[in-house]
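# Topology and contacts: notes
One letter stands for each residue in the lines below.
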Amino acid sequence: MQRSKALRPPLSTKRRAVTKMAAQKRSVREPRPVLEGVIPYDPKYLPAEVMISANENPRPVPAEIQERIARAIAQVDMNRYPDPLANDLRTMIGEAWGYSKDYVLLGNGGDELLFNIALAWGGPGRTMLTCPPTFSVYETNASLTETNVVAIARKPDFSLDEQAILDRVRKGDIDYVTITSPNNPTGGAANIMFIKQLLEATDALVMVDEAYGEFGGESMIPFIDEYPNLLVLKTFSKAYSLAGVRLGYIMAQPQVIQEFIKVRQPYSVDAISQAIGEVVYENRSALQPQIDNIIEERDRLAEELAKIPGIKVFPSDANFLLVRIPNAGRIWQELFDRSILVRDLSASSGLEDCLRISIGTEQENDRLLDALGDILGRSQ
Ligand code: PMP
């Protein structure tokens, strides 16, 4: 039987070899020079039984919500483009905070919106202020868009160097600031009195990244009408158990949102993600017990880890803990040998000997505690 054209291999092996030889004489022009120094983001995801490396919610959305999601997906007209701006979800999120939909913009994960900040407020000749150690994506986006980076390092306890930040923005050359609260990977939330002071000290766009805001710290969203230079970023990936769906959003005054609409990809939030997001956001109160459990487990894990000699635990308002532990690279390997995956940050500047541990289920956290007790007990 004649195979349909679509199923036939495009070239025979022999012809492919000939084509390859001819191709060796050809070349491709260099991409933008800036790419030479760019290292692609690597989540360092490896399969393991206990996945506590990416700050995900360890539990899926509850079964009854999953059923509603399945029904909502069945209604999606997949032959049609989605609503470019996900207006139903925008309206829902805006209303929950007392704003119109014009204050909200959805994105393909918070990551897309972080790139859009660099596109809209960064660029050649422009400058971002960031406070490392923090989420590395801000700097990658700055490099990609040829934005200058001013780094004001956190203090040894990983709190923000508030005075240094205020002094720096007062020079007037900063175009946007990233404040991560709670901060990834160090865990602590910023003080909202300080954020207000910062917003008053500069006209730079201040992006407060609240990706972990449901686990601690106070949200800046209620203050959006007071500050035209405030932008808050949130995600469905952490508290709402939807890391696989890719949904995030920003909230800011409508004139700021309008600028983001200019740089975004028109259909970045697909119809299925919109349908899922609507169901989950509508039913978000059903996720609160999971969030409460993560917070309780975080506090228990912090207390138990601190009892293990050699481990320093940094205080956390998020769904993960940063720990300092001698020979962190070796400990990471020994945990991985026991099928427990945590994030090894020991090669990052300021995070020497640090591991980041996402909060898992009770059983996962117990397994981590047993493994660490075992590994460190033996190496004493
Ligand atoms: N901000 C911070 C601080 C994060 O840690 C992450 C995810 N690791 C994001 C934003 C983006 O998350 P997502 O793209 O999954 O919404």
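Residues numbered from 1 in each chain as written. Predicted model: local features only at pLDDT ≥ 70, side-chain atom pairs only at ≥ 80, totals over all residues. Heavy atoms only, no water.

## Observations regarding the domain arrangement of the protein chain
Heads up, the rule is: Delimitation of the domains relies on an automatic or database domain assignment. Contact definition: two residues touch when any of their heavy atoms are within 4.5 Å. Here the quantity called buried area is the total loss of accessible area, with a 1.4 Å probe, experienced by two parts when brought into contact, counted for both. Between Lys or Arg on one side and Asp or Glu on the other, a salt bridge is scored when a side-chain nitrogen of the former is within 4 Å of a carboxyl oxygen of the latter. A run of H or I in DSSP becomes a helix once it reaches four residues, and a run of E becomes a strand once it reaches two; helices and strands are each numbered from the N terminus. Gly falls in the polar group here, along with every residue not listed as nonpolar (Ala, Val, Leu, Ile, Met, Phe, Trp, Tyr, Cys, Pro) or charged (Asp, Glu, Lys, Arg).
Parsing the protein chain into structural domains produces domain 1 (50–59 + 287–379) and domain 2 (82–284). Taking only C-alpha atoms, the centre of domain 1 and the centre of domain 2 are 26 Å apart. The interface is formed by 26 residues belonging to domain 1 together with 25 residues belonging to domain 2. In total, domain 1 and domain 2 occlude about 1,700 Å² of area from one another, counting both sides; carbon and sulfur atoms represent 60% of this. Interface area lost by domain 1 to domain 2 is led by Leu-287, Ile-291 and Asp-317, which between them contribute 32%. At the boundary of domain 1 and domain 2, one finds 0 salt bridges. Within the residue set of the side of domain 1 that touches domain 2, elements represented by two or more residues are helix H10 (288–306) and strand S10 (320–324). By residue number, the principal contributor to the side of domain 1 that touches domain 2 is H10, which donates 6 residues. Residue classes in the side of domain 1 that touches domain 2 are distributed as 12 nonpolar, 8 polar and 6 charged.

## Concerning the nonpolar core
Worth spelling out the cut-off: What is meant by a nonpolar core is a set of buried Ala, Val, Leu, Ile, Met, Phe, Trp, Tyr and Cys residues, joined one to another through side-chain atoms within 4.5 Å. The buried label goes to any residue with under 20% of its type's maximum accessible area, the exposed label to any with over 50%, and the partly exposed label to all in between, with areas taken from a 1.4 Å probe on protein chains only.
Counting residues in each nonpolar core, the largest one holds 85 residues, and the members touching the most others are Leu-106, Ile-179, Phe-236, Leu-305 and Leu-368. When residues in this core are grouped by element, the largest group, 6 residues, is from helix H12 (residues 362–379). Counting residues domain by domain, this core receives three or more from each of domain 1 (50–59 + 287–379) and domain 2 (82–284). Discounting chain neighbours no more than four positions away, the residues touching Phe-236 are Leu-89, Ile-93, Leu-106, Ser-241, Leu-242, Ala-243, Leu-247, Gly-248, Tyr-249, Gly-277 and Tyr-281.

## Remarks on the layout of surface pockets
For clarity, the threshold we go by: As defined here, a cavity is a set of points on a 1 Å grid over the protein atoms alone where a 1.4 Å probe fits but cannot get out. A pocket is an open set with protein on both sides within 12 Å along at least five of seven lines, and residues line them when an atom is within 4 Å of a point. Grid points are joined across faces, edges and corners, and a volume is the space filled by probe spheres set on the points.
In this structure, the largest pocket occupies an estimated 870 Å³ of space. Looking at the lining of the largest pocket, the elements with two or more residues in it are helix H5 (137–144) and strand S12 (343–344). No other element matches the 4 residues that H5 contributes to the lining of the largest pocket. Mapped onto the domain boundaries, the lining of the largest pocket takes at least three residues apiece from domain 1 (50–59 + 287–379) and domain 2 (82–284). Considered as a void within the structure, the second largest pocket measures approximately 520 Å³ in volume. In terms of lining, the second largest pocket is formed by 26 residues, of which the most central are Tyr-41, Ala-54, Asp-111, Phe-135 and Lys-238. The biggest single contributor to the lining of the second largest pocket is helix H4 (residues 109–121), with 4 residues. Looking at side-chain class alone, the lining of the second largest pocket contains 11 nonpolar, 8 polar and 7 charged residues. Here the lining of the second largest pocket spans two domains, and each of domain 1 (50–59 + 287–379) and domain 2 (82–284) adds at least three residues to it.

## Quick notes on the site of the ligand
Put simply, the test is: If even one non-hydrogen atom of a residue comes within 4 Å of a molecule or strand, that residue is called near it. Think of a polar contact as two N or O atoms within 3.5 Å of one another; within protein, one of them needs to be a possible hydrogen donor and the other a possible acceptor, and neighboring residues in sequence only count if both atoms come from side chains. Surface exposure here means Shrake-Rupley accessible area, sampled with a 1.4 Å probe, where a residue is shielded only by the protein chains that are shown. By definition, a pocket or cavity contains a molecule when more than half of the molecule's atoms lie within 2 Å of the pocket's grid points.
The immediate surroundings of the ligand are formed by 15 residues, with Gly-110, Asp-209, Thr-235, Ser-237 and Arg-246 found nearest. Here an oxygen atom of the ligand and a side-chain polar atom of Thr-235 are 2.5 Å apart. The contact in question runs from an oxygen atom of the ligand to an N or O atom on the side chain of Ser-237, over 2.6 Å. Protein contacts shield 93% of the accessible area of the ligand, which totals 400 Å² for the unbound molecule. Structurally, the ligand is housed in the second largest pocket. Sort the elements by how many residues they give to the shell around the ligand and H4 lands first, with 4 residues. Taken together, the residues of the shell around the ligand break down into 5 nonpolar, 6 polar and 4 charged.

## Side note on H4
Worth spelling out the cut-off: Given a helix with a known number of residues, its expected span is that number minus one, times 1.5 Å.
Across its 13 residues, H4 extends 19 Å between first and last C-alpha, which sits within 8% of the 18 Å expected from 1.5 Å per residue. For H4, the complete set of buried residues consists of Gly-109, Gly-110, Glu-112, Leu-113, Leu-114, Asn-116, Ile-117, Ala-118 and Trp-121. In the stretch just after H4, Gly-123 is the one whose phi turns positive, near 115°.

## Regarding the pairing of strand S2 (residues 104–107)
Our working definition: Here, strands pair whenever DSSP counts at least two bridges between them.
Where burial is concerned, the two faces of S2 agree: the one with Val-104 and Leu-106 and the one with Leu-105 and Gly-107 are both buried. Relative to strand S8 (residues 248–252), S2 runs antiparallel, the two being bridged by 4 bridges. Following the sheet pairing, Val-104 is matched in S8 by Met-251.

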